[in-house]
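Take a look at the letters that make up each chain.
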Amino acid sequence: QVQLVEFGGGLVQAGDSLKLSCARSGRIDAAASMGWFRQAPGKEREFVAQITWSSGTTYYADFAEGRFTLYRDKAKNTQTLEMNNLKPEDTAVYYCAAAPRLGRLVSPDNYDYWGQGTQVTVSS
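As the structure is a prediction and not an experimental result, all values here were calculated from the model. All residue numbers refer to position in the chain's written sequence, counted from 1. Since the coordinates come from a predicted model, pLDDT governs what is reported: local features require at least 70, and pairs of side-chain atoms require 80 or more to be given and counted, while whole-chain, interface and lining totals use all residues. Side-chain metrics in this entry use all non-hydrogen atoms of the structure; hydrogen atoms and water are not considered.

Caption draft 1: Main features of the nonpolar core. By size, the foremost hydrophobic cluster in this structure holds 29 residues, and its most contacted members are Met-34, Trp-36, Leu-81 and Met-83. Helical segments are the DSSP runs of H or I of at least four residues, strand segments are the runs of E of at least two, and each set is numbered from the N terminus. Looking at this core, the elements with two or more residues in it are strand S1 (2–7), strand S3 (18–26), strand S4 (33–39), strand S5 (46–52), strand S7 (68–73), strand S8 (78–83), strand S9 (92–99) and strand S11 (118–123). Ranked by the residues each element gives to this core, the list is headed by S9, at 4 residues. Judged by nonpolar contacts, the second largest core, of 7 residues, contains Phe-37, Phe-47, Ala-99 and Tyr-111. Here the nonpolar core consists of buried residues drawn from Ala, Val, Leu, Ile, Met, Phe, Trp, Tyr and Cys, with membership extended through side-chain atoms lying within 4.5 Å. Remark: exposure states derive from per-residue accessible area (1.4 Å probe, protein chains only) relative to the maximum for the residue type, with buried under 20%, exposed over 50%, and partly exposed in between.

Spelled out as structure tokens, the structure:
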């Protein structure tokens with residue numbers, strides 16, 4: 001099992017920045033890829049960004065490209081999603097996820113482990 005704990009959600013204004021972090025523990029060898037998803041009320045969970053743990057290769061959803069940056073700290077076993085120029089439509093619960101597989105993984109079905117989620121609210 002891989003345990004994931006998210007930190008850093010909150011209420012911000014449009015145009016602000018926010019960092020979300022996710023700490024992983026347990027069978028981290030089963031977390032070859034780490035990702036972030038989000039889910040707004042009444043909507044499906046959608047892919048935000050992903051990082052391959054060993055190489056640091058990142059993938060982003062179109063809406064995240066250029067505004068969000070994902071990186072990991074191997075020593076601390078954490079990944080951090082920096083979100084800039086936030087918009088009201090970024091409001092959602094953000095989930096950290098881990099998968100034992102590699103490649104571009106944009107479906108929630110690709111991930112085996114999930115954090116509890118953290119709320120991000122962007123006011124206009």
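Caption draft 2: Quick look at the packing of aromatic side chains. The criterion for an aromatic pair is that two Phe, Tyr or Trp rings (for Trp, the six-membered ring) have centres within 6.5 Å, with stacked assigned to planes under 30 degrees apart, edge-to-face to planes over 60 apart and tilted to the rest. By the definition in use, this model includes 6 aromatic pairs. Pairing Phe-37 with Phe-47 gives two aromatic rings, centres 5.7 Å apart and planes at 75°, and the pair type is edge-to-face. With Phe-37 in strand S4 and Phe-47 in strand S5, this residue pair connects regions lying 10 residues apart in the sequence. Phe-47 carries the same exposure label as Phe-37, and that label is buried. Taken together, the ring pairs in this structure connect Phe-37, Phe-47, Tyr-95, Tyr-111 and Trp-114 into an aromatic cluster. Seen from the ring of Phe-63, Arg-38 lies directly overhead, with NZ or CZ sitting 3.8 Å from the centre. Note on criteria: charge over ring means Lys NZ or Arg CZ within 6 Å of the ring centre, with the direction from the centre no more than 35 degrees off the ring normal.

Caption draft 3: Quick peek at unusual backbone geometry. One non-glycine residue, Asn-77, lies in positive phi territory at about 55°. Summarising the element assignment, Asn-77 is placed in the loop between S7 and S8. Its identity is not glycine, yet Asn-85 carries a phi of approximately 50°, on the positive side. Assignment of secondary structure puts Asn-85 in the loop between S8 and S9.

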